[in-house]
Amino acid sequence: MERIYEISEAMLKSLLLVFSFFMAAPGLFQSEKDNQATDNNKSILYEKVYLHTDRELYSPGDDVWFKSYLVSGISHQLIPGYKNIYVQLVTEDGVVADQKLLLSNNGISNGDFLLPESLPDGTYAIRAYTKYLQNFGEESYFHKKIVVVGPKSSLELEENMTEKKPSEIDVAFLPEGGSFVLNAINHIAFKAIDETGKGIDVNGRVVDETGNEVVSFQTKYKGMGKFIMMPQEGKSYFALLDGFPDFYHTFEPARPDGIALNYKSDGAYLVFALTRNLKIYHPQEFLLVASHKGTELFSSQVIMNEFQQAMRLYKGLFPQGISQITLYNQNAEKIAERLVFIRNAYEKRVAIIPDKKEYKNREKVEMNLLALLPENDTILSTLSVSVVNEDYFSATGNNQTIESYLLLDSELKGSIESPASFFVDEPEISGDDKLDLVMMVNGWRSYYWNELEQYAGVELPGWADYGLTLEGNVTRLWGGKPVDFGKVAMGPFSRNFLFEETTTNEQGNFSFDKLYLKDSALIMINAETKNRSKRTEIKLEQPLEFDSVIHSEQIKSACPDIQIPLRFYRDIYYRQIAEQEYIKDMGSILLDEVEIEGKQGPQNMDHFRLYGEPDHSFTITADDWNYADITDYLQTKAPGVVVTGDEIRIRAGYGNPLLLVDGLEVTWENIKYIPLGDVDKIEILKNSALLAVYGSQGGNGVISVLTKMGRPDLYAEYERFVPGRITPRVKGFQQPRKFYSPQYSLNNINDPKPDFRPTLYWNPDVAFDEREAKIEFFTSDKLARYVVVVEGISKRGKIISRSNLLLVTGTGTRGL
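Engineer: What should I look at first to understand the overall build of the chain in this one?
Structural biologist: Looking only at helices and strands, the chain features 10 helices and 46 strands. A burial count over the chain gives 51% of its 816 residues as buried. Long-range contacts, defined as pairs at least 24 residues apart, comprise 72% of the intrachain contacts of the chain with a sequence gap of at least 6. When the accessible surface of the chain is totalled, it reaches about 38,900 Å², and 49% of it is carbon and sulfur.

Written as structure tokens, this is what we have:
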């Protein structure tokens, strides 16, 4: 009755050679009727963004630390070069609470969101994308939910944690392969969800039109399960649920001409079984095609002469992740389709080795990370490592990992409940069985790569998006006529003298692109006509880089919910109490410190100099900001200074003096770009005794410009109109802040300040040397279980995702 075609391990060597060839040249081994579709798919260029966050649960005032990984959607290798990554923190209503612009360098970057103390409690989504991903829509963006909650009273906790029976329930029944086939063995998957979309446990039964039970069923994991039944002629079938008397599901009529496609894993092999109506006796010809991310892996002709026929394939032929199995009839029509998930649960790519099994509070932890990659692979970039109290993750554990996102979340449309949990083996159900339930429930219609087929062979914009773009217009100060072919120069409003120049067009428009500017950078733009007149007016625009309209329903459907553990509420409550008690106890000590500081004299905030008292010193005031530039000021104010064109003399018969800005030598062509509002003092050195410290370089004298950057107490923005100049502040790239981790020693081990850090350690850039990395950190005052999470990407695109438990169980020198 059953015929099995087996591809054995003995054939693997030759098959792998063939496999590697048609991965490079997809569509070679396929029928003519499907040639065109597969040839189009091979040209799809796609990328993915993933963010590793330190945890999932936060309180107002906390820091959300994250690292971005930008990878090829096909190979998972890090994208080389520079690219902009747009990261937003979004409320449940679709309002942007914060946003950061990152510059990905060879596929990695990192940043953080500092949550304001006033931030309302609620669920937020972290949303990340590139300009290129905007071509594919919201479904292609990275999404991750986090919860921000402040301390709660006992009454509020009781209301939040009360379990309620679902008011509504929905159950979907999905025949494997897509068809409910008459007189055939059908494997039926189902998923039960409540009104929020969360999977719930149910028990039920299938009955016929007479009320006789055909089969019973129950959920196995997160509302999902499966059962087997064979529909018969003249029968109708209905599903009923225990405890939900109003639920009633009618199965569609079974198809007499359909094909049921069943899959199961059998060790190192995959078995695909085709089952048809047992009352069909004539031969039928089909084409079975296996594809992965739009690329055909292989195809095989199948001739069915019996009721059931199976095909046995070696698992090594399939790449890791989701592949698609499609069955075509002789008219090239899809008659059955099924997703399969291939994983190697035993392939560990990094080992986490702590120096102890358990630790005391405020104790040093030393940990080794060992790369377990093949010899032809290595870790070229860096890995991200977090060590976090496990109560600051969802009650079901970490909801999302780099493995679950790249292999599962981003491959299927919609959200998956606790996707990371599907990769964890449990006593009752293995990770492989969980993943297979997802494949059956989501079905081939949810496979995201089917959506991408429409972009095959299409050149899309945004791939080379990196750096900032500034655009503007220059007009004459009087009359407002456009300044055509004028010169526009831009530079930072600081000591970093790296300048860009461009020319206006006939309409007076100009633009700068591919700029790298830091957070809220203060810049200076100067414009002059082609006749070098500075009597111009500049208007500047920074094109909107971030999405401003975000549909909340799209965010909700893309993000799985988080279940908050009760221990999290308790922990943030006791954390707040401890900090408040400390502040209260330290109040009198703080007053004493203020009193002592009041007796001290004022600190010397003046600039550092290598020389003594200058020959001339000029303090710049607001009245001086109207001068065109420093040379214009010196020529008017400083005795003995002569300016002729580009030459300056402060000593008769000598050449240009040495120019210093905050003690650093700079070239004279840059002096006109330093605004007077940024200058504190200008000092002139002519005396040979003063110039001796500069040797021959000071032979022509020295002009020393001391800016307010050198004196933070004076540095402030100013608004004063200067013809041909503007000094705007623009939003630039986030500069990563350093994660604070205390270093305990005998001197401070008994510091009374409480230490209840939820995140003990965060490092987005752990570098490996000879396949090994070492990290160190100290535990806190909290006795708890901590989760060590290591994530990253290898040179060849292998996903590195590993976690271990770290236990802090005892009290050290400092008692709790």
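Engineer: Could you clarify how one ought to interpret the nonpolar core in this entry?
Structural biologist: In summary, soluble globular proteins display a tendency toward joint burial of nonpolar side chains. Ranked by internal contacts, the top residues of the largest apolar core, which has 83 residues, are Val87, Phe136, Leu408 and Phe422. Apart from residues lying up to four places away in sequence, leucine 408 is in contact with Ile322, Phe341, Glu403, Ile416, Pro419, Phe422, Phe423, Leu435, Val438 and Met439. Listed in part, the 26 residues of the second largest apolar core include Val350, Leu383, Ile775 and Val788.

Engineer: Help me understand a negative patch on the surface in this model?
Structural biologist: A surface patch of like charges, here negative, comprises Glu471, Glu500, Asp513 and Glu541. Tracing the chain through its elements places glutamate 471 in strand E28 (residues 468–476). The partly exposed category is assigned to glutamate 471, whose relative accessible area is 36%.

Engineer: Looking at this structure, I do not really get the side chain of serine 384. What am I missing?
Structural biologist: For serine 384, the position within the fold is in strand E27 (residues 383–389). Polar side-chain contacts of serine 384 include one of 2.7 Å to the side chain of tyrosine 69. Beyond its immediate chain neighbours, meaning those up to four positions away, serine 384 contacts His52, Lys67, Tyr69, Trp762, Asn763, Pro764, Val789, Val790 and Glu791.

Engineer: Looking at this structure, how should I read the sheet that holds strand E33 (residues 536–541)?
Structural biologist: Note: strands within a sheet are paired through backbone hydrogen bonds, in either parallel or antiparallel orientation. Pairing within the open sheet is antiparallel, and its 3 strands lie in the order E31-E28-E33. The sheet is open, and its two borders are formed by strand E31 (509–515) and E33, each paired with just one other strand. For this sheet, the mean angle separating the axes of adjacent strands, direction not counted, is 25°. Direction of pairing for E28 relative to E31: antiparallel, over a ladder of 5 bridges. Along E31, the bridge assignment pairs glutamate 471 with serine 511.

Engineer: Any chance you could explain the sheet that holds strand E38 (residues 664–665) here in plain terms?
Structural biologist: Taken in spatial order, the 5 strands make up an open sheet running E34-E39-E40-E37-E38, and their pairing is mixed. The sheet is open, and its two borders are formed by strand E34 (616–619) and E38, each paired with just one other strand. For strand E39 (residues 679–685) and strand E40 (residues 702–707), the ladder comprises 6 bridges, and the chain directions are antiparallel. Along E40, the bridge assignment pairs leucine 685 with valine 702. Packed onto the sheet, helix H9 (residues 630–637) meets E34, E39 and E40 and runs at close to 55° relative to E39.

Engineer: Explanation requested: the side chain of aspartate 208 in the structure shown.
Structural biologist: Mapping aspartate 208 onto the fold places it in strand E12 (residues 203–208). Within the structure, aspartate 208 has its side chain in polar contact with the side chain of threonine 210 (distance 2.6 Å). Aside from chain neighbours lying at most four places away, what touches aspartate 208 is Val214, Lys235, Ser236, Tyr237 and Phe238.

Engineer: Would you mind showing me how to read helix H5 (residues 431–442) here?
Structural biologist: Residues lying three or four places apart along an α-helix face the same way, a consequence of the helix completing one turn every 3.6 residues. Spanning 12 residues, H5 covers 16 Å between terminal C-alpha atoms, matching the ideal 16 Å at 1.5 Å per step. For H5, a buried count of 10 out of 12 residues is recorded, marking the element as mostly surrounded by other parts of the structure. Restricting attention to buried positions, one finds in H5 the residues Gly431, Lys434, Leu435, Asp436, Leu437, Val438, Met439, Met440, Val441 and Asn442. Check the buried side of H5 and you find it contacts strand E10 (169–175), strand E11 (186–194), strand E14 (224–229), strand E17 (259–266), strand E22 (321–328) and strand E23 (334–342).

Engineer: Could you clarify how one ought to interpret the confidence of the model for the chain in this entry?
Structural biologist: The predicted coordinates of low-pLDDT regions are not to be read in fine detail. The predicted model of the chain has a mean per-residue pLDDT of 85, with 86% of residues at 70 or higher. Counting interchain partners and residues more than four positions distant, the pLDDT-below-50 stretch residues 712–718 has 16 contacts.

Conventions we followed
Residues numbered from 1 in each chain as written. Predicted model: local features only at pLDDT ≥ 70, side-chain atom pairs only at ≥ 80, totals over all residues. Heavy atoms only, no water. Helix = DSSP H or I, 4+ residues; strand = E, 2+ residues; numbered from the N terminus. Buried < 20%, exposed > 50% of the residue type's maximum accessible area, 1.4 Å probe, protein only. Contact = heavy atoms within 4.5 Å. Areas by Shrake-Rupley, 256 points an atom, 1.4 Å probe, with all protein chains shown as cover. Core = buried A, V, L, I, M, F, W, Y, C linked by side-chain atoms within 4.5 Å. Patch = residues over 30% accessible without salt bridge, like charges linked within 9 Å, V, L, I, M, F, W, Y side chains within 5 Å. Salt bridge = Lys/Arg side-chain N within 4 Å of Asp/Glu carboxyl O. Lys, Arg positive; Asp, Glu negative; His and termini not counted. Charge placed at Lys NZ, Arg CZ, Asp CG, Glu CD. Polar contact = N/O pair within 3.5 Å; in protein donor to acceptor, adjacent residues only side chain to side chain. Pairing = 2+ DSSP bridges. Axes fitted to C-alpha atoms, helices over the stretch in contact; angles between N-to-C directions. Expected span 1.5 Å × (residues − 1). pLDDT = per-residue confidence, 0-100.

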